[in-house]
Every structure is written in structure tokens, then in C-alpha cells.
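# A structural walkthrough
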Amino acid sequence: GENVEQHPSTLSVQEGDSAVIKCTYSDSASNYFPWYKQELGKRPQLIIDIRSNVGEKKDQRIAVTLNKTAKHFSLHITETQPEDSAVYFCAAGYSTLTFGKGTMLLVSP
Amino acid sequence: EAGVAQSPRYKIIEKRQSVAFWCNPISGHATLYWYQQILGQGPKLLIQFQNNGVVDDSQLPKDRFSAERLKGVDSTLKIQPAKLEDSAVYLCASSPGLAGETSSYNEQFFGPGTRLTVL
């Protein structure tokens, strides 16, 4: 089955800095790579996703890149704000998703 | 549109007791998922339904967990008997499309979850 590794487990940045979270996956059949944001005690919410036929996707301050050859994908958040503080999960799969263990992002004012 | 609904939101039981969780997906969504999220980890898929059929239950501990989705709408997940290690948040999610589709229908919408504590 699919195996997703996510790094780092925690990431502390100053407001306005950029943050990068990286994931690797094992199953070359995976073609869908979403990123979810989960605030404390709340449900995961999709913030951006990318498919295997696209190398990069951007939505305002958030971007995701995918390298299918190397089987890794990354989330980039620019101009971080305190409200970006949350746990971020990457996932990979085809019809089912395997999630990474999460990255706790702390943005200090 | 209304989101995925789950109940109860919290449940505390003794080990070896039974418990059931209920999920109502977004109207019209064909696919329904149950995930287990242990504190500090990502969601782990337990079972996936497409309409009222099971697509994937390879990670469901079938000796104690069971799930059904009658009429292809609501779903229930049951644990009998519960163990201490079952303490987790149980998340239900739904998506509009069918398993294996590569369209935008892969997006999964999560419910608020049920936090289970087994003492």
C-alpha cells in the first residue's frame, strides 16, 4: 500500500516568513495529492490539491509543487500570518488517500 | 450546502463496552469514508463505501469494528468490544465522485468527528 512521509513534524516561523512542508510517497500509481489544514479540535479542511498531470499549482499565498519522478511534493506558504498556525497534513492516493503524520506550523507575531 | 454531520461529538466508555457512531454525508455524495485519527497522527482510513457497497476495508479491524451504509446515504460505525487503544477521533468524510475517478470529485469533505475515550 501507499506510504506517506511528512517533514518536519513542527515548524516555527515569524510572521511574514515563508514556510515549506515536504512529503514523499511510495506508490507510483498515486495521482492525487491534497493538503489539509486542521485547527485544534476542528475538522481537516482542504486548502489546495494537485494532480499528477500538473507540476505546480498556486492559490494566493499557498502553492504546491509535485515531482513525480522523485515521488515528492511540497506545500509552500508565503507571507505567513498568525492565523496560518495549525496542523497541516499531506495525503496521496488514487481512489483512497493515505495521510502523512502532520506538521504543526506555529506563526509568531 | 450543509456539511457532513456526525454524532455524537463526544463519547466516553469503559473498555469492553460497545459504541456506535453515525454519519450523514453531504447530499448526493456517492462515496463515504470513515477515518480513525489518533492524537498527533494523520487520519487513517478504516473503510470506504461507494453508494452502499464497500470499496476498501483493508485497514478495518474486523474482529471488533463493523460499518454499514444502508440505502447508500447514512452510515454507522460500531466498535464491539472497545479497547483502550481505540481512543481516537473518528472522522467521517464524503466525496461526490466514484472511487477511482481522476476528476475534481476526489475532494473529500470531513465531518467534525466523534472523540472517543475508552477508560
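Note that the structure is predicted; figures quoted are calculated from it, not measured.

This brings us to the overall build of chain B. Within chain B, the regular secondary structure consists of 0 helices and 11 strands. Mapped in sequence order, the helices and strands of chain B form the string β-β-β-β-β-β-β-β-β-β-β. A compact globule built from 119 residues should have a C-alpha radius of gyration of about 14 Å, and chain B, at 14 Å, falls within 12% of that. When the backbone C-alpha atoms are referred to their principal axes, chain B occupies close to 40 × 30 × 25 Å. Evaluated residue by residue, chain B yields a buried proportion of 45% over its 119 residues.

As a further point, take the pairing of strand 9 (residues 88-95) of chain B. Residues and elements named next belong to chain B. The buried fraction of strand 9 is high, at 8 of 8 residues. Where burial is concerned, the two faces of strand 9 agree: the one with Ala-88, Tyr-90, Cys-92 and Ser-94 and the one with Val-89, Leu-91, Ala-93 and Ser-95 are both buried. Summarising the sheet, strand 9 and strand 11 (residues 114-118) pair through 3 bridges and their orientation is antiparallel. Counterpart to Val-89 in the pairing with strand 11 is Arg-115. Pairing between strand 9 and strand 10 (residues 109-110): 2 bridges, direction antiparallel. Opposite Ser-94, over in strand 10, you have Phe-109 as the bridge partner.

So, on to the interface of chain A and chain B. With 16 residues of chain A at the contact, the number on the chain B side is 23 residues. The tally of links from chain A across to chain B stands at 0 salt bridges. Elements with a contribution of two residues or more to the side of chain A that touches chain B: strand 4 (32-38), strand 5 (45-51) and strand 10 (97-99) of chain A. Here the side of chain A that touches chain B gets 3 residues from one element, more than from any other, and that element is strand 4 of chain A. Of the residues belonging to the side of chain A that touches chain B, the class tally is 8 nonpolar, 5 polar and 3 charged.

The subject of this paragraph is the confidence of the model for chain B. Where the model shows low pLDDT, its predicted coordinates should not be examined in detail. Mean pLDDT over chain B: 91, with 92% of residues reaching 70 or higher. Within chain B, strand 8 (residues 75-79) of chain B carries the highest mean pLDDT (98), whereas strand 6 (residues 53-56) of chain B carries the lowest (90).

Moving on, we get to the sheet that holds strand 3 (residues 19-25) of chain A. Residue and element names in this part refer to chain A. The strand order across the open sheet formed by 5 strands is 1-3-8-7-6, and the pairing between neighbours is antiparallel. Among the strands making up the open sheet, the edge pair consists of strand 1 (4-7) and strand 6 (56-59). Neighbour-to-neighbour, the strand axes of the sheet open up by a mean angle of 15 degrees, direction not taken into account.

Another aspect to go through is the pairing of strand 9 (residues 86-93) of chain A. Residues and elements named next belong to chain A. Judged by how many residues are buried, strand 9 sits mostly within the fold: 7 of 8 residues are covered. Relative to strand 9, strand 4 is paired through 5 bridges, and the arrangement is antiparallel. When the bridges of strand 9 are listed, Trp-35 appears paired with Cys-90. In terms of strand pairing, strand 9 meets strand 10 through 3 bridges, oriented antiparallel. For Ala-91, the partnering residue across the bridge sits in strand 10 and is Phe-99. Linkage of strand 9 to strand 10, two consecutive antiparallel strands, is achieved through a turn of 3 residues.

Take the sheet that holds strand 1 (residues 5-7) of chain B next. Residue and element names in this part refer to chain B. Ordered by their spatial adjacency, 4 strands build an open sheet running 1-3-8-7, and the pairing between neighbours is antiparallel. At either margin of the open sheet sits one strand with a lone partner, and together these are strand 1 and strand 7 (65-68). In this sheet, adjacent strand axes meet at a mean angle of 15 degrees when their direction is disregarded. Here 3 bridges tie strand 1 to strand 3 (residues 19-24), and the two strands are oriented antiparallel to one another. Its bridge partner being in strand 3, Gln-6 is matched across the sheet by Cys-23.

Thresholds, definitions, all that
- Residues numbered from 1 in each chain as written.
- Chains lettered and ligands numbered in written order.
- Predicted model: local features only at pLDDT ≥ 70, side-chain atom pairs only at ≥ 80, totals over all residues.
- Heavy atoms only, no water.
- Helix = DSSP H or I, 4+ residues; strand = E, 2+ residues; numbered from the N terminus.
- Rg over C-alpha atoms; globule rule 2.2 N^0.38 Å.
- Buried < 20%, exposed > 50% of the residue type's maximum accessible area, 1.4 Å probe, protein only.
- Pairing = 2+ DSSP bridges.
- Contact = heavy atoms within 4.5 Å.
- Salt bridge = Lys/Arg side-chain N within 4 Å of Asp/Glu carboxyl O.
- Nonpolar A, V, L, I, M, F, W, Y, C, P; charged D, E, K, R; others polar.
- pLDDT = per-residue confidence, 0-100.
- Axes fitted to C-alpha atoms, helices over the stretch in contact; angles between N-to-C directions.

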